[in-house]
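The residues making up each chain are set out below.
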Amino acid sequence: MSAVPGFDVERIRKDFPVLTRELPGGRPLVYLDSGNSSQKPAQVVETMRDHLTWHYGNVGRALHVLGSESTEAYEDARGKIAAFVGAPSRDEIVFTKNASEALNLVAYAFGNPIGEDERFRMGPGDEIVISEMEHHSNIVPWQMLAQRTGATLRWFPVTDEGRLDVEGLEELVNERTKIVSITHQSNVLGTVNSVSPILARAREVGALMMLDASQSVPHQAVDVAELGVDFVAFTGHKMVGPSGIGVLWGRRELLDAMPPFLGGGEMIEAVWMDHSTYAPVPHKFEAGTPPIVEAIGLGAAVDYLTAVGMDQIKAHEKELVAYALEALPELPGLRIIGPRTPIARGGTISFTLEGIHPHDVGQILDDVYGIAVRVGHHCARPLHLRFGIPATTRASFYLYNTTAEIDALVRGLHHVQKVFG
Amino acid sequence: MIAESMYQELILEHYKHPQGRGLREPFDAEVHHVNPTCGDELTLRVKVADGGKVLDVSYDGQGCSISQAAASVLHELATGSTVDESLSVVEEFTRLMQGRGQVEPDEDVLGDAVAFAGVAKFPARVKCALLAWMAYKDALMRSQG
């Protein structure tokens, strides 16, 4: 039972049939890898199945009944997602294939000769600011942008406790800065970053600010208008929705000012042989046939999360992470990489076990106990280099996890230590 | 209990007590191989005598039990044998590792390396086992080059 009033984790687990699965050898599944990708409730699967079975057509261009039904469901999903993240307008929700594409879309708006807006001009002398706790999706697109334009890439360091080090904020974010792009919640450390001081400084110097919210939107109520940043990227598959669908939210006025990203059908207004004019947002950024059923599935995921209640989910995960932060250190030689208090952190805990490589940890947990964790550098290699370790084992929790599963993890880790001790 | 078949006692022994670990002089060739997906790293040196006898295989690195134990077993098997002999062991070991658990290992050729047979059933771990062996093959080619 959860200690959160009105939150019945056992009832929620019934919506996720996979959680009742028995793995070969009679092991029950203990899924602690939602930071990697979450499981899907029957409601999402059923919505997608129903649409594919009875309503499917292409969107935005087919005039027949199926085309209209698909278009309506696809655009409905956009509206649901806009409401879910507090977007002032549904036209500010751009569907992408994942958060990486959303981040790339914004990166390609800078220093792009098609664009004319001063805020997106970029060249030598200009600066891009990210942080050392980013995963590769929020590093590589900006490295490539710096290479294309001659701009300089800079970053916030990370403290030993796994918090963003904002000591040098004034110097780091300065008159040369064009964009600051940081994670809202670290996929390794679990750290939830405080946005407002950085945003305030960005505003002071006239820089734009983007948040990679892939790890926050699934786990807490995120209101983009309240955050006040310019762009937010997140992905469907980490928030009980399908893979293949991601979201870029951007302020309307900026999206209007940006050049298109991919060219193709549906993103145009009119095409001549030698030039084209472009559709208004969001369609300007949605070239070609989009992931239709995936978008509709994400709409259903948002309905599901809203029905459970994002504040309830956040409270439940806080219980889980507090429990795990108590239980894990009882293992000798276990080192948590990230904040050791359940304050301003989410339900993701990465750790090392002295003398035992994470791949060995993960293999034994999986093969002996059916415990699914992630091992490796979690697409955040620079952060691991920062802590002087090649890899970690990561347990990440979601609305369907229980304290009993954390007990199973601790038991499993004791066994791992026995095997390799 | 599937993993039990992978973590053979011999593998765990080599992991806990690696044989021939540490980089030594003299050497003819040095290579550095990495496994980008898991961050395993290995630096390996070979010293070959004129007659083709492998005088030393020395190595250092970091990684999981499978990759480290495989380097230790390689050191034992290759040192003191000839280039040709050891390459035939590398070939048999590679065949075993890439056999998805369907290959019957030739114990006469493989010796202790036969303990890795269970690893072949775990595609994600095959490259861990092969890291040192591929590095060795690479180092030999460079030393002959």
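What you see is a predicted model, and the numbers here were worked out from it, not measured in a lab.

Soluble globular proteins: nonpolar side chains tend toward being buried together. In terms of nonpolar packing, the biggest core is built from 78 residues, with L328(A), L413(A), L44(B), I66(B), F116(B), W133(B) and Y136(B) touching the most fellow members. Here the element with the most residues in this core is helix 5 (residues 123-144) of chain B; it accounts for 11 residues. When sequence neighbours within four positions are dropped, the list of residues in contact with Y136(B) reads L44(B), V46(B), V54(B), V57(B), L74(B), A78(B), S86(B) and V90(B). If you look at the next biggest cluster of nonpolar residues, it comprises 75 residues, including F84(A), L169(A), V195(A) and Y398(A).

Turning to the interface of chain A and chain B, a few remarks are in order. The interface is formed by 17 residues belonging to chain A together with 21 residues belonging to chain B. Both sides of the chain A and chain B interface together cover about 1500 Å² of buried area, and 54% of this is carbon and sulfur. For the pair chain A and chain B, the interface holds one salt bridge. R125(B) is the partner of D360(A) in a salt bridge, and the nearest nitrogen-oxygen pair spans 3.0 Å. Taken together, chain A and chain B are joined by nine residue pairs in polar contact (both at pLDDT 80 or more). Put simply, the parts of the chain that give the side of chain A that touches chain B at least two residues each are helix 12 (358-369) and helix 14 (403-420) of chain A. Broken down by class, the residue content of the side of chain A that touches chain B amounts to seven nonpolar, seven polar and three charged.

To continue, consider the UniProt feature "domain: NIF system FeS cluster assembly NifU N-terminal" (unreviewed entry) in chain B. Following the UniProt record, the feature "domain: NIF system FeS cluster assembly NifU N-terminal" (unreviewed entry) maps to residues 6-128 of chain B here. The span residues 6-128 of chain B carries 38% helix and 20% strand; its end-to-end C-alpha distance comes to 12 Å.

This part takes up the sheet that holds strand 3 (residues 54-62) of chain B. Residue and element names in this part refer to chain B. Strand order in the open sheet formed by three strands is 1-2-3, with antiparallel pairing between adjacent strands. The sheet terminates laterally at strand 1 (29-35) and strand 3, the two strands that pair on one side only. Adjacent strand axes in the sheet meet at a mean angle of 15° when their direction is disregarded. Note that strand 2 (residues 40-48) and strand 3 share eight bridges and pair antiparallel. Residue L44 lies in a different strand from strand 3, and its bridge partner there is Y59.

Conventions adopted
- Residues numbered from 1 in each chain as written.
- Chains lettered and ligands numbered in written order.
- Predicted model: local features only at pLDDT ≥ 70, side-chain atom pairs only at ≥ 80, totals over all residues.
- Heavy atoms only, no water.
- Core = buried A, V, L, I, M, F, W, Y, C linked by side-chain atoms within 4.5 Å.
- Buried < 20%, exposed > 50% of the residue type's maximum accessible area, 1.4 Å probe, protein only.
- Helix = DSSP H or I, 4+ residues; strand = E, 2+ residues; numbered from the N terminus.
- Contact = heavy atoms within 4.5 Å.
- Buried area = accessible area lost by both parts, 1.4 Å probe.
- Salt bridge = Lys/Arg side-chain N within 4 Å of Asp/Glu carboxyl O.
- Polar contact = N/O pair within 3.5 Å; in protein donor to acceptor, adjacent residues only side chain to side chain.
- Nonpolar A, V, L, I, M, F, W, Y, C, P; charged D, E, K, R; others polar.
- UniProt positions renumbered as here; feature names shortened; annotations may be inferred.
- Pairing = 2+ DSSP bridges.
- Axes fitted to C-alpha atoms, helices over the stretch in contact; angles between N-to-C directions.

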